[in-house]
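# Structure at a glance
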Amino acid sequence: MKAIHLTDIHLTLSRDNKIFNVNPYENFDFVCEEIYRIKNITDIALIIVSGDITNDGDVDAYKYFFKKMESLKTPYIAILGNHDIKNNFDIALAEEKTQYIINSRQYKNKSWHIISVDTVVEGEDFGFISNNNLAELEREMIENSHFNIAIFMHHHAISVGTPIVDNCMLNNSKELLALCEKHQVKFIGSGHAHTSRIWHHNTMVTSVAPAVVFQWLPGIDTVKISKGFGFNIIDFSSDLSITSCIY
Ligand SMILES: [Fe+2]
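Treat the numbers as computed from the prediction; the structure is a model and nothing was measured.

### Some remarks on the sheet that holds strand 5 (residues 112–116)
Spatially, the six strands line up as an open sheet ordered 4-5-6-7-9-8, and their pairing is mixed. Two strands in the sheet have a free side with no partner beyond their single neighbour: strand 4 (106–108) and strand 8 (197–201). When the angles between neighbouring strand axes are averaged without regard to direction, this sheet yields 15 degrees. As paired elements, strand 5 and strand 6 (residues 148–152) share five bridges and run parallel to each other. Bridged to Ser116 within strand 6 is Phe152. Along the sheet, helix 4 (residues 131–143) makes contact with strand 4, strand 5 and strand 6, crossing strand 6 at roughly 155 degrees. Running over the sheet, helix 6 (residues 173–182) touches strand 6, strand 7 (187–190), strand 8 and strand 9 (204–208) and is turned about 145 degrees from strand 9.

### Quick look at the coordination of the iron ion
Metal coordination angles have textbook ideals: 109.5 degrees for a tetrahedral set of four donors and 90 or 180 degrees for an octahedral set of six. Protein coordination of the iron ion is provided by Asp52 (OD), Asn82 (OD1), His154 (NE2) and His192 (ND1), with donor distances spanning 2.2 to 2.3 Å. Around the iron ion sit four donor atoms; with metal-centred angles ranging over 81 to 169 degrees, the donor geometry is irregular. Mapping the donors of the iron ion onto the primary sequence gives the spacing D-x29-N-x71-H-x37-H. With Asn82 in the loop between strand 3 (76–79) and helix 3 (86–95) and His154 in the loop between strand 6 and helix 5 (163–166), this residue pair connects regions lying 72 residues apart in the sequence. No difference in accessibility class separates Asn82 from His154, as the two residues are buried.

### Some remarks on the UniProt feature "domain: Calcineurin-like phosphoesterase" (unreviewed entry) in the chain
The positions UniProt marks with the feature "domain: Calcineurin-like phosphoesterase" (unreviewed entry) are residues 1–195. Between the end C-alpha atoms of residues 1–195 the distance is 24 Å, and the span holds 35% helix and 16% strand.

### Things to note about the environment of Leu240
Turning to its location among the elements, Leu240 is positioned in the loop between strand 12 (230–235) and strand 13 (241–246). When the C-alpha positions of Leu240 and Lys182 are compared, they lie 20 Å apart, and in sequence the two are 58 residues distant. Excluding anything up to four places from it in sequence, Leu240 contacts Trp112, Phe187, Val205, Ile234 and Asp235.

### Considerations on the layout of surface pockets
By volume, the largest pocket is sized at about 640 Å³. When contributions to the lining of the largest pocket are tallied by element, the ones reaching two or more residues are strand 3 and helix 3. It is helix 3 that contributes the most residues to the lining of the largest pocket, five residues altogether. Considered class by class, the residues forming the lining of the largest pocket number 12 nonpolar, seven polar and seven charged. Here the second largest pocket is characterised by a volume of approximately 260 Å³. Lining of the second largest pocket is provided by 16 residues; of these, His10, Asn82, His83, His194 and Trp216 occupy positions nearest its centre.

Rules of the game
- Residues numbered from 1 in each chain as written.
- Predicted model: local features only at pLDDT ≥ 70, side-chain atom pairs only at ≥ 80, totals over all residues.
- Heavy atoms only, no water.
- Pairing = 2+ DSSP bridges.
- Helix = DSSP H or I, 4+ residues; strand = E, 2+ residues; numbered from the N terminus.
- Axes fitted to C-alpha atoms, helices over the stretch in contact; angles between N-to-C directions.
- Contact = heavy atoms within 4.5 Å.
- Donors = N, O, S within 2.8 Å, 3.2 Å for Na, K, Ca; no water.
- Tetrahedral: all angles 85-135°; square planar, octahedral: opposite > 155°, others 65-115°.
- Buried < 20%, exposed > 50% of the residue type's maximum accessible area, 1.4 Å probe, protein only.
- UniProt positions renumbered as here; feature names shortened; annotations may be inferred.
- 1 Å grid on protein atoms, 1.4 Å probe; cavity = no way out; pocket = protein on both sides within 12 Å on 5 of 7 lines; lining within 4 Å.
- Points joined across faces, edges and corners; volume = space filled by probe spheres on them.
- Nonpolar A, V, L, I, M, F, W, Y, C, P; charged D, E, K, R; others polar.

Right, here's the structure in full:
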């Protein structure tokens, strides 16, 4: 099964609002065109969007997101990030005709079980998984232990070496990583770091997908960006592989 992992689109209030001279709408439009092209040459079963869909949580930005995602005619999971506003996401979702969004935290195919995890703390940039959500996640891992388990969330769980984002990563990443090791989770995917990074440890792969809007320069602690952007194609086969598509 192949999936596309999009993250950190940061759609602003309108097309005229750029962020650091980057137009997130232009990048997102381009990425959608690319996904459409790639879908015609290889089978894409699922798209996972791991948060910061919008920059400021505007309803119209979510409506734009849903219209574009629906046009791809592929099932998709939308996870929220620290820049998103759940209430506004829900308003847009109720007003738009959506056929392809998966309204469940879980997605199954023959051999993989994909679970999305909420890491957002209202009003904060850092992430945290509540004790209740961790306990529920563990139950889901146990129930589906005969599958290969992949989890997706917004905040990154391993520091990428770039202070501007490592200062606000997943606060209780140790607990999450221990849980994933214990239940032999195969894959953890996230965004938030605006950095493309992959770790292999034992049988687990942890991946941070590149942002759709822009990347932070590696290692910086002030605001400096690269205009490169993109997404990952994850091949969930027995030899898991990741293609980073960068533009
Ligand atoms: Fe974020």
